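# Summary of structural features
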Amino acid sequence: MKGRRLHPFTLLAIAGALPALAWILPAPAGGACTAAVALVLTASRGLRRGLWPAVLTAAPFWVFLRLLHDVPTTIAIGLRITTMVASFVWLAATLAPDRLVEATVARGWSVTAAYLFAATITAVPMLKGRARRIVEAQRCRGLSPRGSLGNRLRALRALALPLVLSALHDVDERALALETRGMVSGARRTPLAPPPDSAVERAARWALLVACVAGLIWRLK
């Protein structure tokens with residue numbers, strides 16, 4: 001729960017700085033350090049919600065890289081991709097959309113832009129949960145996603161069509177709900193409960209930015 005007490009901009013800074021440093025710092029040591037930090041952060045969210053999704057998402061990239069490159073290149077790029085994946089998984093599990101909207105509105109952002117930004121971050125977990133429900137419903141109807149290639153393709157079609165249609169329907173409902181609440185382009189709102197942003201967190205965000213810039217300058221020399 002400590003991550004949720006941090007300001008949303010601090011969470012975004014951490015999730016952005018780790019992948020940036022992974023690509024800036026020399027491989028493989030730089031990628032190993034950033035990947036370790038990112039995986040520790042995801043593990044703090046639990047095995048099912050954090051660590052396992054990050055590991056399972058990054059694993060296919062390692063296989064694909066090994067087919068194309070030698071071992072040193074695979075390790076170098078794989079660690080960087082693992083950092084990116086783990087950072088996003090941690091951010092999606094930690095960042096509360098309502099706190100992000102309040103924080104962006106408090107900084108003078110358009111409420112529409114703030115909502116779209118928050119919705120983009122939360123889209124993957126939402127679609128994942130919806131896909132799981134669709135698969136369970138299809139299994140109740142006797143459709144198995146296992147077996148021959150034909151069965152798998154039929155199961156994929158039965159999953160993709162309802163998922164896409166439900167996502168489009170959800171977009172229409174959200175757009176209508178935002179419009180009825182006056183959230184049109186250029187609208188400004190007063191934040192009701194902006195998250196506290198301490199001087200320590202602001203300094204930490206600047207430190208992360210300085211570290212990324214300094215590392216980039218050092219590599220370019």
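The rules behind the values
Residues numbered from 1 in each chain as written. Predicted model: local features only at pLDDT ≥ 70, side-chain atom pairs only at ≥ 80, totals over all residues. Heavy atoms only, no water. Helix = DSSP H or I, 4+ residues; strand = E, 2+ residues; numbered from the N terminus. Buried < 20%, exposed > 50% of the residue type's maximum accessible area, 1.4 Å probe, protein only. Areas by Shrake-Rupley, 256 points an atom, 1.4 Å probe, with all protein chains shown as cover. pLDDT = per-residue confidence, 0-100. Axes fitted to C-alpha atoms, helices over the stretch in contact; angles between N-to-C directions. Parallel < 35°, antiparallel > 145°, perpendicular 65-115°, else oblique. Left-handed = near helix turned anticlockwise from the far one by under 90°. Contact = heavy atoms within 4.5 Å. Nonpolar A, V, L, I, M, F, W, Y, C, P; charged D, E, K, R; others polar.

## With respect to the overall build of the protein chain
Counting its regular elements, the protein chain contains nine helices and zero strands. Walking the protein chain from its N terminus toward its C terminus, one meets helices and strands in the order α-α-α-α-α-α-α-α-α. Per-residue burial for the protein chain yields a buried fraction of 34% across its 221 residues. Per element, the accessible surface of the protein chain, about 13500 Å² overall, is 70% carbon and sulfur.

## Things to note about the confidence of the model for the protein chain
On average, residues of the protein chain carry a pLDDT of 81, and 71% of them reach 70 or more. Mean pLDDT in the protein chain bottoms out at helix α1 (residues 2–5), which sits at 62, and peaks at helix α3 (residues 29–43), which reaches 95.

## Re the packing of helix α4 (residues 47–68) against helix α5 (residues 71–94)
Viewed as axis vectors pointing N to C, α4 and α5 meet at an angle of 150 degrees, and their least axial separation amounts to 8 Å. Taken together, α4 and α5 sit at an angle that is classed as roughly antiparallel. Along this stretch, α4 crosses α5, giving a crossing that reads as right-handed. Residues Arg49, Gly50, Pro53, Ala54, Thr57, Ala58, Phe61, Trp62, Leu65 and Arg66 of α4 form the contact with α5, whose participating residues are Val71, Thr74, Ile75, Ile77, Gly78, Leu79, Ile81, Thr82, Val85, Ala86, Val89 and Ala93. Here the residues of the contact of α4 with α5 sort into 15 nonpolar, five polar and two charged.

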